[in-house]
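Observations on chain architecture
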Amino acid sequence: MPIYVIIVTSLKPLDEVSLEQMWALPTTIDFSSYAQAFTNLAPNFWNSVYLVIPATLLSALLGAMNGYVLSKWKFKGSNTIFTIILFGMFIPYQSILIPLIQFLRSIDLYNTISGLVLVHVVYGLPITTLMFRNFYASIPDTMIEAAKIDGASFLGIFRHIMIPLSITGFVVVAIWQFTNIWNEFLFAVTITTSDKQPIMVALQNLSGSQIVQWNVQMAGALLAALPTLLVYIFLGKYFVRGLLAGSVKG
Amino acid sequence: MEREIQIKRKKRLTKDQWTAIAFLIPSFILILIFVYGFIGWTGYVSLSNWNTLVPDLSFAGLKNYIYLFHDFRFQADLRNTLFFTVLFIALVIVLGMGIAILIDQKLKGESIFRNIFLFPMALSFIVTGVVWQWLLNPSTGFNHFLNMVGIEPKWYTDTNVLAGFQWGSIEFGLPVAIIAVVIAAVWQMTGFSLAMYLAGLRGISDELREAARIDGASEFQVYRKVVLPMLMPITVSVIIIMAHISLKIFDLIYAMTGSGANFVTDVPGVYMFETTFRGNYYANGAAIAIIMLLLVAIFIVPYLWNSRKGDQ
């Protein structure tokens, strides 16, 4: 139902966007609000694209390696290390934000997309590690043993057995990370300013402007949500699996 | 003999074992610095005098914490967080479980329903906030219907706090405007608990329910006595996950209502952001952040501890 209102509102010319007519269909379909939202948001949209692609790939890759070690190469203390890593998933990011910004300034990555990529990769580690660890736990140990007997090394097993078997795992983790990073706001709003801002910050700024043009705002909301919606529509099955995998089953 | 083999095996694996550990080390160090080191640094800042643009790390003791607990805004934040969390979790569980049970009745078009309810999960809290701000705008949307039956809701612009008791300088009761934010948050997150409960219901074998039916249990009793207890672990997970989301909530409220008049919808996340990055009160902001962390830790640490024990 809210979706209906977004679409209807976004297609209306401004003079039809009034409080009483919220539920009514537009008398004429007007795409001008899209044009306006697009002009306003396009640069930020691209910022988000440049952010989300490397961040997703890197964090999935690192998570896969960690998950592989923590599920198939357990050593004394590996469970403790896993718990220590996992805790990072639950912390309120406010509690690391001040040092994080000081740190990014000191290495000249403050207000850069690369800085944001770094942040998302690091703070994505707990969840991607968890997801891959659970995923790899379902691959039978006997398979690894057999490969070891055949003389495969740590990396050989990873390259020739684990990666081919975990394509689904990669898709699930990638979708999860893609959605989370695309939708993230706190890091985006504190680490970047103006022309480096990802789309969610720009959308929020759009609604913060003096004259509230609801039709433009709804068009903007739709535009900002579009990539994750498309992922959801076309890869819904993996999306749901990611949700469940992200829910820390003990 | 067996022991010998094990020892032999261990020896042969040493090199690979070391490679494995070497692969883990970079991530582990990153987490140690970026999570634990930074938390320590935030804690240090929270005990300092850094309340201007210029960093001043001289020791201030608990001054910032004491200030916060006497601060009207922070007291309101704690009250709001409490009511928000309780309402939000209760609704997400009741709705999620209820809809899951309905869908589980072999309803026609099951996947369509599931997809519809899960769909908001793909959206960001910012989008949700922006959209619901429009939907719950006083005298529009839903309110249009309510107006027709003579109720005049003000939703998030309402500044009333339902009667409670006086706590310090604030009225300790449910702020009406919080309800609007809860509605938006529930709309967004119910799909998650629904998915969890659906997965849980799938895990309960039909034979078990059948057995209870044969024993003469009514359909209601089957759910109350058999299904509900078996869903307990899921309920615990949902509570933990929702609690940590709700204790750190920031973007939804920031996009939808901000602090609200008299801070009726303010939460620590918003206060921390504004006081630190808009007001440059870094030490105060750090203290808020540490209190948020402690609140979350109360829920998370026992949970992690338990699941770790379960692992071994």
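Given the structure is predicted, the values throughout are model-derived calculations rather than measurements. (Residues numbered from 1 in each chain as written. Chains lettered and ligands numbered in written order. Predicted model: local features only at pLDDT ≥ 70, side-chain atom pairs only at ≥ 80, totals over all residues. Heavy atoms only, no water.)

1. A closer look at the interface of chain A and chain B
Interfaces are frequently sized by the accessible area removed from exposure as the parts join. For clarity, the cut-off: The criterion used for residue contact is that any of the two residues' heavy atoms lie within 4.5 Å. When two parts are put together, the accessible area they lose, computed with a 1.4 Å probe and summed over both, is reported as buried area. Under the rule applied, a polar contact is a pair of N or O atoms within 3.5 Å (in protein, one hydrogen donor and one hydrogen acceptor; residues adjacent in sequence only if both atoms are side-chain atoms). We count a stretch as a helix when DSSP gives it H or I for four or more residues in a row; a strand needs E for two or more, and each element gets its number in order from the N terminus. Under the grouping applied here, Gly and all other residues not named as nonpolar or charged are polar, the nonpolar ones being Ala, Val, Leu, Ile, Met, Phe, Trp, Tyr, Cys and Pro and the charged ones Asp, Glu, Lys and Arg.
Contacts between chain A and chain B engage 81 residues on the former and 79 residues on the latter. Carbon and sulfur atoms make up 78% of the surface buried where chain A meets chain B, a total of about 7,500 Å² over both sides. Taken as a group, A:Phe90, A:Gln94 and A:Ile98 account for 10% of the area that chain A buries against chain B, more than any other trio of residues on that side. Between the two partners, chain A and chain B, sit 13 residue pairs in polar contact (both at pLDDT 80 or more). The biggest single contributor to the side of chain A that touches chain B is helix α4 (residues 94-106) of chain A, with ten residues. Counted by class, the side of chain A that touches chain B contains 56 nonpolar, 20 polar and five charged residues.

2. Remarks on the nonpolar core
We apply this condition: The nonpolar core is taken to be a set of buried Ala, Val, Leu, Ile, Met, Phe, Trp, Tyr and Cys residues, with the residues joined through side-chain atoms within 4.5 Å. Here the term buried applies to any residue with accessible area under 20% of the maximum for its type, exposed to any over 50%, and partly exposed to those in between, with areas from a 1.4 Å probe on protein chains only.
Counting 181 residues, the largest nonpolar core has A:Leu100 and A:Tyr123 as the members making the most contacts within it. Ranked by residues supplied to this core, first place goes to helix α7 (residues 176-203) of chain B with 15 residues. Among all residues touching A:Leu100, those that are not within four sequence positions of it are A:Val119, A:Tyr123, A:Phe187, A:Ile191, B:Phe34 and B:Phe38.

3. Thoughts on the side chain of A:Gln177
Along the chain, A:Gln177 falls in helix α8 (residues 167-183). The buried category is assigned to A:Gln177, whose relative accessible area is 3%.

4. Things to note about the pattern of salt bridges
Residue and element names in this part refer to chain B. Selection criterion: Whenever a carboxyl oxygen of Asp or Glu lies within 4 Å of a side-chain nitrogen of Lys or Arg, that contact is scored as a salt bridge.
For the structure shown, the criterion picks out eight salt bridges over all chains. A salt bridge links Arg213 to Glu210, with the nearest nitrogen and oxygen atoms 3.0 Å apart. Linking Arg213 with Glu210, this pair stays in helix α8 (residues 206-214), spanning three residues, or about one helical turn. The exposure class of Arg213 is partly exposed, given its relative accessible area of 29%.

5. A short note on the packing of helix α4 (residues 110-118) of chain B against α7(B)
For any two helices packed against each other, one specifies the crossing angle of their axes together with the interaxial distance. All names here are of chain B. To be explicit about the condition: Lines fitted to C-alpha atoms define the axes here, with helix axes fitted over just the stretch in contact, and angles between the N-to-C directions of these axes take values from 0 to 180 degrees. Handedness of a helix crossing follows the sense of rotation of the near helix relative to the far helix, less than a right angle counterclockwise being left-handed and clockwise being right-handed.
It is at 8 Å that the axes of α4 and α7 come closest, and there the two elements cross at 145°. Relative to α7, the crossing made by α4 is left-handed. Between α4 and α7, the residues in contact are Glu110, Arg114, Phe117 and Leu118 and Gly191, Phe192, Leu194, Ala195, Leu198 and Arg202, respectively. Residues belonging to the contact of α4 with α7 are distributed by class as follows: six nonpolar, one polar and three charged.

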